[in-house]
Every structure is written in structure tokens, then in C-alpha cells.
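# An overview of the molecular structure
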Amino acid sequence: MSTKPFKFKEFTVQQDRCAMKIGTDGVLLGAWTSLKGSPFSVLDIGAGTGLIALMIAQRSNAELIDAIEIDDDAYEQCVGNFETSPWGDRLFCYHAGFDEFVEEIEDKYDLIISNPPFYTEDFTSQDNQREKARSNFSLPFEDLLKGVSLLLSPSGVFSIIIPYKEEVSFLELASKNNLFPNRVLRVKGNPTSEIKRSLIELSFLESDCNYAELIIEKERHKYTTDYIELTTDFYLKM
């Protein structure tokens, strides 16, 4: 995967020190996440390069955008990407594990976002750093949801992207933490492929959930109108 800087319309992300490079999942989540409540405070769990926090900074007027990253190299890269962005005064990255962060932070966040590490492919990566970043054992969904339920403000929103095949079990775990789906977007690579990802918005408010589907490409390198409209503020060639 490329280690070159990834240039978006309003910011550039350095990624040479991060195991997880810029990918479609992060861009989708950063673009799809609702800012309807005009959040004052935002938390990005497992920030990596800082991409999603940067996207939220571009899209919103949130005054406090925090991020957490446990990996040493990724943390330093995230800090550097924050500092060189146009919104450096609103962005801050904590070098910590999620469990210790939950124990120490008393603040509540209006919006929490996570593109969590998950590992669904049945193969062993030769890159140990990448394998660790991808393994959901580094942050099980149970721990993630429990922590989010403690950090989210009463009217706050939690937005996440996960493998589609995990959707049912994830929502069952979420309900045990009094978190309920408000929106779900299921993503397919093309019209004939299987659904691969679920973007889920949860809150403490139990309501009728809005389900939708997004297809990324009509055919190879020809993107659908929906995908272009969702990502056009970020990708240079959209």
C-alpha cells in the first residue's frame, strides 16, 4: 500500500508511519457521519493518521475535536497531520489506550466516531504492525461500546463502520449498553457484489432506524452519483 502523502481538497495526510493507510472506509465514515446536532465536542477512537477527525474539522464548527491513538508511530503521525492542517487549534490527540482514556476522562462528547480495527480476512499478514491494527482483539466491540456509553453525552451520537457480517451481533451488544441504531448505511463495491460494510449511527434514543444502501462503483473506476455526492468535498478528482 502507498506510503505517499494523501492529498485531499483542503488538507494533506502523511501516512508513511501508520500501519493502516488511507482507505475508503475512513473517508466514507468521515463524510457520512451526521453533524445534525452541531456537536461542540467530538472524539475519534483509534485515530490512525487522524483522517476522520480532520474531515469532521473541515465539515463542522466543533470547538473540541479529540482523538485517541495507542500506537507510537501512528500517534506521532496523527499529531503532525493535525498541526499542519488548517484546524490545528481545534484538534488534539491523546497517546493512550481506550480503556485508560475512559477511566481518566470525565468529559462527555456530543459526537463519537470510530473506524475500529477489525480483522475479517482468513490470512496472516506479514506486517505485524498492520496485523495488530486490524485485529479486533486490540479493541473488542464489547469494550468499545461500554466505553462509548460512558463517554457519550445524553443527546450524543456514536458513528462507526464495521464489516456487514458483524452488524447483527454488534447491534445486540449495543442494545445491552442502551445504544440504539438511528441510521444504517450498507455499502457494496458494485451492483453485483455482496454488502461488505455497515455504517451505523447509534444514540441513547430508541427510534425507527433509517436503512439505506450505497454502491460505490457502477463499473471499474466509474463511481455512482451517490458516492460522488458523499465524497466530493474531499477527493481531489471528484
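What counts as what
- Residues numbered from 1 in each chain as written.
- Predicted model: local features only at pLDDT ≥ 70, side-chain atom pairs only at ≥ 80, totals over all residues.
- Heavy atoms only, no water.
- UniProt positions renumbered as here; feature names shortened; annotations may be inferred.
- Salt bridge = Lys/Arg side-chain N within 4 Å of Asp/Glu carboxyl O.
- Helix = DSSP H or I, 4+ residues; strand = E, 2+ residues; numbered from the N terminus.
- Buried < 20%, exposed > 50% of the residue type's maximum accessible area, 1.4 Å probe, protein only.
- 1 Å grid on protein atoms, 1.4 Å probe; cavity = no way out; pocket = protein on both sides within 12 Å on 5 of 7 lines; lining within 4 Å.
- Points joined across faces, edges and corners; volume = space filled by probe spheres on them.
- Nonpolar A, V, L, I, M, F, W, Y, C, P; charged D, E, K, R; others polar.
- Phe/Tyr/Trp six-rings, centres within 6.5 Å; stacked < 30°, edge-to-face > 60°.
- Pairing = 2+ DSSP bridges.
- Axes fitted to C-alpha atoms, helices over the stretch in contact; angles between N-to-C directions.
- Contact = heavy atoms within 4.5 Å.
- Expected span 1.5 Å × (residues − 1).
- Arc of directions from axis to C-beta.
- Polar contact = N/O pair within 3.5 Å; in protein donor to acceptor, adjacent residues only side chain to side chain.

For the chain, the name recorded in an unreviewed UniProt entry is tRNA1(Val) (adenine(37)-N6)-methyltransferase, with Joostella atrarenae as its organism. The record in UniProt for the chain states the following under Sequence similarities (unreviewed entry): "Belongs to the methyltransferase superfamily. tRNA (adenine-N(6)-)-methyltransferase family." We quote the UniProt Catalytic activity (unreviewed entry) comment for the chain here in full: "adenosine(37) in tRNA1(Val) + S-adenosyl-L-methionine = N(6)-methyladenosine(37) in tRNA1(Val) + S-adenosyl-L-homocysteine + H(+)".

### Looking at the pattern of salt bridges
Inspection of every chain in the model, using the stated rule, returns five salt bridges. Among the salt bridges present, the one from Glu 76 reaches Arg 17, with a minimum N-O distance of 2.9 Å. Taken as a pair, Glu 76 in helix H3 (residues 72-83) and Arg 17 in the loop between strand E2 (12-13) and helix H1 (24-32) lie far apart in primary sequence, 59 residues in all. With relative accessibility at 44%, the residue Glu 76 sits in the partly exposed group. On the basis of relative accessible area, Arg 17 is assigned to the partly exposed category, the value being 32%. A salt bridge links Arg 197 to Asp 25; the nearest nitrogen and oxygen atoms lie 2.8 Å apart.

### Digging into the layout of surface pockets
Where empty space is left can be seen by rolling a probe of water-molecule size over the atoms. Reported here for the second largest pocket is a volume of approximately 300 Å³. Mapped by element, the contributors of at least two residues to the lining of the second largest pocket are strand E6 (109-114), strand E7 (152-163), strand E8 (180-188) and strand E9 (195-203). The leading source of residues in the lining of the second largest pocket is E7, at five residues. Looking at the lining of the second largest pocket residue by residue, the classes come out as seven nonpolar, seven polar and four charged.

### Here we look at the packing of aromatic side chains
One pass over the full model with this rule turns up ten aromatic pairs. For the ring pair Phe 11 and Trp 87, a centre distance of 5.8 Å and an interplane angle of 75° mean the geometry is edge-to-face. With Phe 11 in the loop between strand E1 (6-7) and E2 and Trp 87 in the loop between H3 and strand E5 (91-95), this residue pair connects regions lying 76 residues apart in the sequence. Residue classification places Phe 11 among the buried residues on the basis of a relative accessible area of 5%. Trp 87 gets classed as buried once you look at its relative accessible area, which sits at 10%.

### Digging into helix H2 (residues 51-59)
Within H2, eight of the nine residues are buried, leaving the element largely enclosed by the surrounding structure. Along H2, the residues classified as buried are Leu 51, Ile 52, Ala 53, Leu 54, Met 55, Ile 56, Ala 57 and Gln 58.

### A short note on the sheet that holds strand E3 (residues 41-45)
In spatial order, the strands read E5-E4-E3-E6-E7-E9-E8-E10; together these eight strands make up an open sheet with mixed pairing. Both outer strands of the open sheet, E5 and strand E10 (210-215), are each paired with one neighbouring strand and no more. When the angles between neighbouring strand axes are averaged without regard to direction, this sheet yields 15°. Looking at chain direction, E8 and E9 are connected through eight bridges and run antiparallel. Counted as the bridge partner of Val 187 is Arg 197 from E9. Packed on one face of the sheet, helix H6 (residues 141-151) meets E3, E6 and E7 and runs near 155° to E7.

### Considerations on the environment of Tyr 109
Its location among the elements puts Tyr 109 in strand E6. Remark: the alpha-carbon pair of Tyr 109 and Val 42, spanning 67 residues in sequence, is separated by 5.6 Å. Residues within four places of Tyr 109 in sequence aside, it is in contact with Ser 41, Val 42, Leu 43, Asp 66, Phe 101, Leu 151, Leu 152, Ser 153 and Gly 156.

### Quick notes on H3
Taking 1.5 Å per residue as the helical rise, H3 with its twelve residues ought to reach 16 Å, and the 17 Å between its terminal C-alpha atoms agrees with that figure. Buried residues of H3: Ala 74, Gln 77, Cys 78, Asn 81 and Phe 82, and no others. Along the long axis of H3, the arc covered by the buried residues comes to 140°, so they all point the same way. The inward-facing, buried residues of H3 abut E2, H2, strand E4 (64-69) and E5. Sitting at the head of H3, Asp 71 places a side-chain oxygen 3.2 Å from the backbone nitrogen of Asp 73.

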